[in-house]
Amino acid sequence: MAVINLRQEQILNELNLKGYVNVVELCETHKVSSVTIRKDLNLLEHMKLLHRTHGGASKQPIYAFERNITDKEVLQVEQKQLIAIAALEYINNNDYIIMGSGTTIHHLSKIMDGFKKLTVLTPSLKVSLELCQHAEIDTIQLGGDIRKSATSVVGAIAEGILSQFSCNKLFLGTDGLHLDFGLSTSNAMEAHLNQAMIDVAEKVIVLADSTKMNVRGFGKICNLDKIDVLITDSGIDIETKTKLEELGVQVVVV
């Protein structure tokens, strides 16, 4: 197994700090050529210490792949719970809200008691089952084709039902938030439904733990300037947070 040198160790330290590194910036920092830096990154990738991307490298794979919801439920549980608690502050009595699918949204649905009156639209079967325990929450389950891996509905039927409503808030999960590509998910039909949700909501609140940062899913949902609030954990890198705030996004870190 190859042994890393001091420069490569420093690259890894920066990667752990920021979540990604850029070839041009590394050349300037270490006063070496881009050929040298690319060789460093290729070696470190071969050692499975990073993932190469266009123009740099990432701490985690840049592309999100579709996972079964039962697999996702055991990932970043503490972060998702804290994000859900923070999201609760954005829900008020008499709100008309849309709740998307995903494990972080499901965590939110588990703690939505104590409201006097709420109306919720959702494609998520798990969210509906959770909310129907509360008499004060009127729940509208969107119909459509069921994605068994996500226990949620997608497709034209769901989008048609959604188009008949107007809501003041949307709580949306995501598989990826990338500075260039925007908000995305691993399933194209889900991405299309999420676009329709954004179209009928006044305020878009994204719940995403930091492992979703600088990641692309197959289906693009929207550009980052469509987001009003992002609630995430302390693992978010500084550049992503700064860029979002420059776009007018309120970034809440738990």
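Rules behind the numbers
- Residues numbered from 1 in each chain as written.
- Predicted model: local features only at pLDDT ≥ 70, side-chain atom pairs only at ≥ 80, totals over all residues.
- Heavy atoms only, no water.
- Pairing = 2+ DSSP bridges.
- Helix = DSSP H or I, 4+ residues; strand = E, 2+ residues; numbered from the N terminus.
- Axes fitted to C-alpha atoms, helices over the stretch in contact; angles between N-to-C directions.
- Core = buried A, V, L, I, M, F, W, Y, C linked by side-chain atoms within 4.5 Å.
- Buried < 20%, exposed > 50% of the residue type's maximum accessible area, 1.4 Å probe, protein only.
- Contact = heavy atoms within 4.5 Å.
- Lys, Arg positive; Asp, Glu negative; His and termini not counted.
- Salt bridge = Lys/Arg side-chain N within 4 Å of Asp/Glu carboxyl O.

Participant: Just checking my understanding: could you explain the sheet that holds strand E3 (residues 56–58) for this structure?
Facilitator: Pairing between the strands of a sheet comes from backbone hydrogen bonds, and it takes one of two forms, parallel or antiparallel. In space, the three strands of this open sheet follow the order E1-E3-E2, with antiparallel pairing throughout. Of all the strands in the sheet, the pair left with one neighbour each is strand E1 (20–22) and strand E2 (51–53). With strand direction ignored, the average angle separating the axes of adjacent strands in the sheet is 20°. Direction of pairing for E1 relative to E3: antiparallel, over a ladder of three bridges. When the bridges of E3 are listed, Asn22 appears paired with Gly56.

Participant: For this particular structure, what's the right way to read the nonpolar core?
Facilitator: What tends to happen in soluble globular proteins is that the nonpolar side chains get buried as a cluster. Ile98, Leu162, Leu170, Leu177, Leu183 and Leu230 are the most contacted members of the largest nonpolar core, which totals 31 residues. At the level of secondary structure, the elements contributing two or more residues to this core comprise helix H8 (156–162), strand E9 (167–172), helix H9 (188–199), strand E12 (201–207) and strand E13 (219–222). At five residues, the largest contribution of residues to this core is made by H9. Residue contacts for Ile98: discarding those within four places in its chain leaves Leu121, Leu162, Cys167, Lys169, Leu170, Phe171, Met197, Val200 and Ala201. Residues Ile83, Met112, Phe171 and Val252 belong to the second largest nonpolar core, which totals 23 residues.

Participant: What exactly am I supposed to notice about the environment of Met47 here?
Facilitator: Relative to the helices and strands, Met47 resides in the loop between helix H3 (34–46) and E2. Classification of Met47 as buried rests on a relative accessible area of 15%. Each C-alpha atom, one on Met47 and one on Gln10, is 16 Å from the other, the two residues being 37 residues apart in sequence.

Participant: Help me out: how do you make sense of the side chain of Glu130 in this one?
Facilitator: Among the structural elements, Glu130 can be located in helix H7 (residues 125–131). We note that Glu130 is buried and unpaired, the nearest opposite charge coming from Lys110 at a distance of 5.6 Å. Excluding anything up to four places from it in sequence, Glu130 contacts His106, Ser109 and Lys110.

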